[in-house]
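What follows is the residue order along each chain.
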Protein chains: 2
Amino acid sequence: MKAIHVGLCGVGTVGGGTAAVLKRNAEEIARRAGRPIVIKIAASRDLERARTVCGPDIEVVADVMTVADHPDVDIVVELIGGTTIAKDLVLRAIENGKHVVTANKKLIAEYGNEIFARAQEKGVMVSFEAAVAGGIPVIKALREGLTANRIEWIAGIINGTSNFILTEMRDKGMSFAAALADAQRLGYAEADPTFDIEGHDAAHKLTIMSAIAFGIPVQFEKAYLEGISKLDALDIKYASELGYRIKLLGVTRRRENGIELRVAPTLIPHKRLIANVDGVMNAVLVKGDAVGATLYYGPGAGAEPTASAVIADLVDVTRLATADPENRVPHLAFQPSAIANLPILPIDDVETCYYLRMDANDKPGVLADVTRILAEANISVDSMLQKPAAEQVDGRADIIILTHLAVERHVNEALARIEALDSITGHVVKLRLEHLHG
Amino acid sequence: MKAIHVGLCGVGTVGGGTAAVLKRNAEEIARRAGRPIVIKIAASRDLERARTVCGPDIEVVADVMTVADHPDVDIVVELIGGTTIAKDLVLRAIENGKHVVTANKKLIAEYGNEIFARAQEKGVMVSFEAAVAGGIPVIKALREGLTANRIEWIAGIINGTSNFILTEMRDKGMSFAAALADAQRLGYAEADPTFDIEGHDAAHKLTIMSAIAFGIPVQFEKAYLEGISKLDALDIKYASELGYRIKLLGVTRRRENGIELRVAPTLIPHKRLIANVDGVMNAVLVKGDAVGATLYYGPGAGAEPTASAVIADLVDVTRLATADPENRVPHLAFQPSAIANLPILPIDDVETCYYLRMDANDKPGVLADVTRILAEANISVDSMLQKPAAEQVDGRADIIILTHLAVERHVNEALARIEALDSITGHVVKLRLEHLHG
């Protein structure tokens, strides 16, 4: 049967991995797809590297648009990243009637609506399994494996860098700064780690999952982001004593009046399987009304894990290319005409449980004041822990409170009142807590 | 767009769940599939129950063949179980050019080759996501999500009954008999639990996963089965002291000269995520050469979790129905012409690590005898534990040995020699041990 011709744009880490796996497993892939899937042409600014990666038989060019315009290319693979050239490339490929496979989470999370609309008009597919959680086929699970379900929520550990840092902080009692330095030394964090540790990367991935879970447009600009750089090792310790782990967790939840979409350091009961996902690994927990909770775990980054997802998309596109376009898997899981306009809720309207830590005078009446303020804000206390202050200041104590479900706005109002108490020093630490019941 | 008409055969637990979810989530499902998926006719020996389950608008018949022959039925859903009527029904539906969705693991594991060959000839699809691990979309992950990979091995906790019993035995220090009684009281085990506790059910599922992972025919008759009914609580305790959990684990592994296919109680390091899958939950760990290890976790049984998988198949069939049959996902993941005839290895040729426990005289020289015999059989010792005999017989000790990789035949030969020693009483307990390195 006729081979499928791929145009590979970008031969960095993932591009190199994709070329390597397509070559090494050529026979295995053809046994599945029913035809060979081969790279016809590759584009890179670094022609020498491209030639080394692709071998002598593949045409190599400097301009990605040459690939988008190449008459023999069936599928354009976009692995250059960013949202400038990558966006132009993807739109040009679509205009030329070519299918696209991309690993670019930023592009999809920020420009997905425009790209999918254009692809729909031209009758081509844009696949992006590699954009979320690397090698874990979680886009497939959400779009195809759980189609029977009304999805209720998704909770994901979807940034390996942050998870590595948090694992080091807990296992070795390290500070954030020391754990970050470790991660950088080991190549798990960039020299400028902002994108990973402040939640941008996780929010891109979460935005995509949220759209395909609930049938809404991608709306990255409305996601709430809170990173781990201000996380105190002390809170990891207290959380642990209370039976919780702290993870940088992406949570998107369907509520009656809209969708929650937030990335933040979050307590999870240590008994949950997802609380035990450590190091650079990723995991996504999905709650559907019929199936209950299912979890998808694996490597969220790296050359060959990401290549695995890129190539799975190539095989899928190969298969679905002959299907009536109206019967293909919709880009956002739901038919374009059935996309809902449920709003993304502002963080003030989010409802979850909270971990609160405050530095208090160790005097009678303080707890009474604090709990009275919480009660007046309609926030009920799940459990409480009082400890001599970690800094060992005489007459001071750390008070840790876990709340039941409460609305963020009410919590903030109560915290302002608590912080105004004479007996409380400085800011109250506020972290979110998710029970993640199956 | 025209609705897809389903003929539902069997309205027991899963059939009832399927009808309920199709109705409750009708809108959500149609938003995804692009058209309604509705039950046109249902068949059951219990007409009254069928009418209650399906409501007044759906035709109900006693004879499943009426459904297979019904001109308005697009997809026949087989949920009656067994391999007699179910097999006839599925083959008849295929002859009639209808697609089939089934949750019947026994039927697929034992007659899949014949069924898929006939479906291929007639150009129809037979889908079976619900046959393995209930609501977890692991068939989809293996057939479509990991197509880039040469699969190296799969390890699965795929029988909820057994996993519940083993969890009770460990958590509460119970005997097998007591834990089984608990499981029966809670409805997790049948009155005759043989099928679950002796590994048949797990082996059916493992056989199916093995076929689609390696591109071989289903060969249930060659699977090795060892159940948990003879498992001693003492070994769970010793395993725990050594840092392992015992799970009824299905393992299928590609070796140079064939495929391992075995279900047995198996030690797993407790640090592995899959070792922490407890109660009735299921999980499948898959090792691919590109992606590394990915894990799929969720409810492996139950009305709505299984219905979730059945309905996902209905949506898939709806989508792929218009694709060129040569481009559909092949039944066994690989093109029929590319199915390999790698043999299933006999258990004697399996290579794994072992846990050995023996009842020994607590005298000098015993350990020397035992370790000499192991060395002569080329079995190297990973670690060893000696304890005063659990039964507290004076002068006797329990010796526990964990081995490195060894071939089962060599282990059996060594054990025969060890059991013949005067200083060893009774049989040596032999369990397999898998490190499951990612």
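Residues numbered from 1 in each chain as written. Chains lettered and ligands numbered in written order. Predicted model: local features only at pLDDT ≥ 70, side-chain atom pairs only at ≥ 80, totals over all residues. Heavy atoms only, no water.

An unreviewed UniProt entry lists chain A under the name Homoserine dehydrogenase, from Amantichitinum ursilacus. What the UniProt record of chain A gives under Sequence similarities (unreviewed entry) is the line "Belongs to the homoserine dehydrogenase family." (UniProt positions renumbered as here; feature names shortened; annotations may be inferred.)

A few points about the side chain of Arg 35 of chain A
One can find Arg 35 of chain A in the loop between helix 2 (26–33) and strand 2 (37–43). Only 2.7 Å separates the side chain of Arg 35 of chain A from the side chain of Asn 327 of chain B, close enough to count as a polar contact. In this structure, Arg 35 of chain A is in contact with Met 1, Lys 2, Ile 4, Ala 30 and Thr 318 of chain A together with Asn 327 of chain B, ignoring residues within four places of it in sequence. (Helix = DSSP H or I, 4+ residues; strand = E, 2+ residues; numbered from the N terminus. Polar contact = N/O pair within 3.5 Å; in protein donor to acceptor, adjacent residues only side chain to side chain. Contact = heavy atoms within 4.5 Å.)

Description of the pattern of salt bridges
Tallied over the full model, the rule gives 76 salt bridges over all chains. The salt bridge involving Glu 110 of chain A is made with Lys 106 of chain A; its shortest N-O contact spans 3.2 Å. With Glu 110 of chain A and Lys 106 of chain A both in helix 6 (residues 105–122), this residue pair falls 4 residues apart, about one helical turn. Here the salt bridges do not stand alone but share partners, grouping Lys 140, Glu 144 and Asp 316 of chain A together with Lys 140, Glu 144 and Asp 316 of chain B into one network. (Salt bridge = Lys/Arg side-chain N within 4 Å of Asp/Glu carboxyl O.)

Overview of the UniProt feature "binding site: NADPH" (unreviewed entry) in chain A
All names here are of chain A. Taken from the UniProt record, the annotation "binding site: NADPH" (unreviewed entry) applies to Lys 105. Locating Lys 105 in the fold gives a position in helix 6. The contacts of Lys 105, once residues within four sequence positions are left out, are Ala 131, Asp 201, His 204, Lys 205 and Ile 208.

Topic: the pairing of strand 7 (residues 151–157) of chain B
Residues and elements named next belong to chain B. In terms of burial, strand 7 is largely enclosed, as 6 of its 7 residues are buried. Relative to strand 11 (residues 281–288), strand 7 runs antiparallel, the two sharing 6 bridges. For Ile 157, the partnering residue across the bridge sits in strand 11 and is Ala 283. Relative to strand 9 (residues 244–255), strand 7 runs antiparallel, the two sharing 4 bridges. The residue of strand 9 that forms the bridge with Ile 154 is Thr 252. (Buried < 20%, exposed > 50% of the residue type's maximum accessible area, 1.4 Å probe, protein only. Pairing = 2+ DSSP bridges.)

Some remarks on the relation of the copies chain A and chain B
For the pair chain A and chain B, the best superposition has an RMSD of 0.0 Å and corresponds to a rotation of 180° with a translation of 0.0 Å parallel to the axis. Taken together, the rotation and translation relating the two chain copies correspond to the operation of a two-fold axis. Distance from the rotation axis, computed per C-alpha, reaches its smallest value in chain A at Ala 323 of chain A: 1.9 Å. Interface overlap between copies: 100% of the residues of chain A at the interface are likewise at the interface in chain B, consistent with a symmetric, same-surface contact. (Least-squares fit on C-alpha atoms with pLDDT ≥ 70 in both.)

Quick look at the packing of helix 6 (residues 105–122) of chain B against helix 11 (residues 200–214) of chain B
Residue and element names in this part refer to chain B. One way to put it is that helix 6 packs onto helix 11 with a least axis distance of 9 Å and a crossing angle of 55°. Classed by the angle they form, the pair helix 6 and helix 11 counts as oblique. Pair helix 6 / helix 11 crosses with left-handed handedness. Mapping the contact onto sequence places Lys 105, Lys 106, Ile 108, Ala 109 and Glu 110 in helix 6 and Asp 201, His 204, Lys 205, Thr 207 and Ile 208 in helix 11. The residue makeup of the contact of helix 6 with helix 11, split by class, is 3 nonpolar, 2 polar and 5 charged. (Axes fitted to C-alpha atoms, helices over the stretch in contact; angles between N-to-C directions. Parallel < 35°, antiparallel > 145°, perpendicular 65-115°, else oblique. Left-handed = near helix turned anticlockwise from the far one by under 90°. Nonpolar A, V, L, I, M, F, W, Y, C, P; charged D, E, K, R; others polar.)

Quick look at the UniProt feature "binding site: NADP(+)" (unreviewed entry) in chain A
Residue and element names in this part refer to chain A. Mapped onto this numbering, the UniProt entry annotates "binding site: NADP(+)" (unreviewed entry) at Cys 9, Gly 10, Val 11, Gly 12, Thr 13, Val 14, Gly 15 and Gly 16. Here Val 11 lies in the loop between strand 1 (4–9) and helix 1 (13–24). With respect to the element layout, Val 14 can be found in helix 1.

Points about the sheet that holds strand 5 (residues 99–102) of chain A
All names here are of chain A. The strand order across the open sheet formed by 6 strands is 3-2-1-4-5-6, and the pairing between neighbours is parallel. On the outer flanks of this sheet lie strand 3 (59–61) and strand 6 (126–127), each paired with one strand and no other. Two strands pair when backbone bridges link them, and strand 4 (residues 75–78) and strand 5 are joined in this way by 4 bridges, in the parallel orientation. Looking at strand 5, one finds that Val 76 is bridged to Val 100.

A word on the domain arrangement of chain A
You'll often see interface size given as the accessible area lost when the parts meet. All names here are of chain A. Assigned domains of chain A: these are domain 1 (4–127), domain 2 (148–299) and domain 3 (347–433). If you average the C-alpha positions of domain 1 and of domain 2, the two centres end up 29 Å apart. With 7 residues of domain 1 in contact, the opposing surface of domain 2 contributes 8 residues. Together, the buried faces of domain 1 and domain 2 total about 690 Å²; carbon and sulfur atoms form 68% of this surface. The largest share of the area that domain 1 buries against domain 2 comes from Lys 105, Ala 109 and Asn 113, three residues that together contribute 67% of it. Counting the contacts that link domain 1 with domain 2 gives 1 salt bridge. In this structure, Lys 105 engages Asp 201 in a salt bridge whose closest nitrogen and oxygen atoms are separated by 3.8 Å. (Domains from an automatic or database assignment. Buried area = accessible area lost by both parts, 1.4 Å probe.)

Some points on the environment of Pro 299 of chain B
Note on placement: Pro 299 of chain B falls in strand 12 (residues 292–299). Under the relative-accessibility criterion, Pro 299 of chain B is labelled buried at 12%. The spatial distance from the C-alpha of Pro 299 of chain B to the C-alpha of Val 315 of chain B is 21 Å, given a sequence separation of 16 residues. Sequence-distant contacts of Pro 299 of chain B, that is, excluding residues within four places in its chain, are made with Val 291, Ala 293 and Thr 294 of chain A together with Ala 133, Gly 134, Gly 135, Ile 136, Met 281 and Pro 305 of chain B.

Let's talk about the interface of chain A and chain B
With 67 residues of chain A at the contact, the number on the chain B side is 67 residues. Contact between chain A and chain B buries roughly 5200 Å² in total, counting both sides, with carbon and sulfur atoms accounting for 51%. When the buried area of chain A at its contact with chain B is split by residue, Arg 31, Arg 32 and Arg 319 of chain A rank highest and sum to 16% of it. At the junction of chain A and chain B, the tally comes to 6 salt bridges. On the surface where chain A and chain B come into contact, there are 28 residue pairs in polar contact (both at pLDDT 80 or more). With 10 residues, the top contributor of residues to the side of chain A that touches chain B is helix 13 (residues 303–320) of chain A. The residue inventory of the side of chain A that touches chain B, partitioned by class, reads 35 nonpolar, 15 polar and 17 charged. One ladder, built from 3 bridges, connects strand 12 (residues 292–299) of chain A with strand 12 of chain B; its direction is antiparallel. Counted as the bridge partner of Tyr 297 of chain A is Leu 295 of chain B from strand 12 of chain B.

Describing the sheet that holds strand 5 (residues 99–102) of chain B
Strand order in this open sheet of 6 strands is 3-2-1-4-5-6 (chain B), and the pairing throughout is parallel. For this open sheet the edge positions go to strand 3 (59–61) and strand 6 (126–127) of chain B, each flanked by a neighbour on one side alone.

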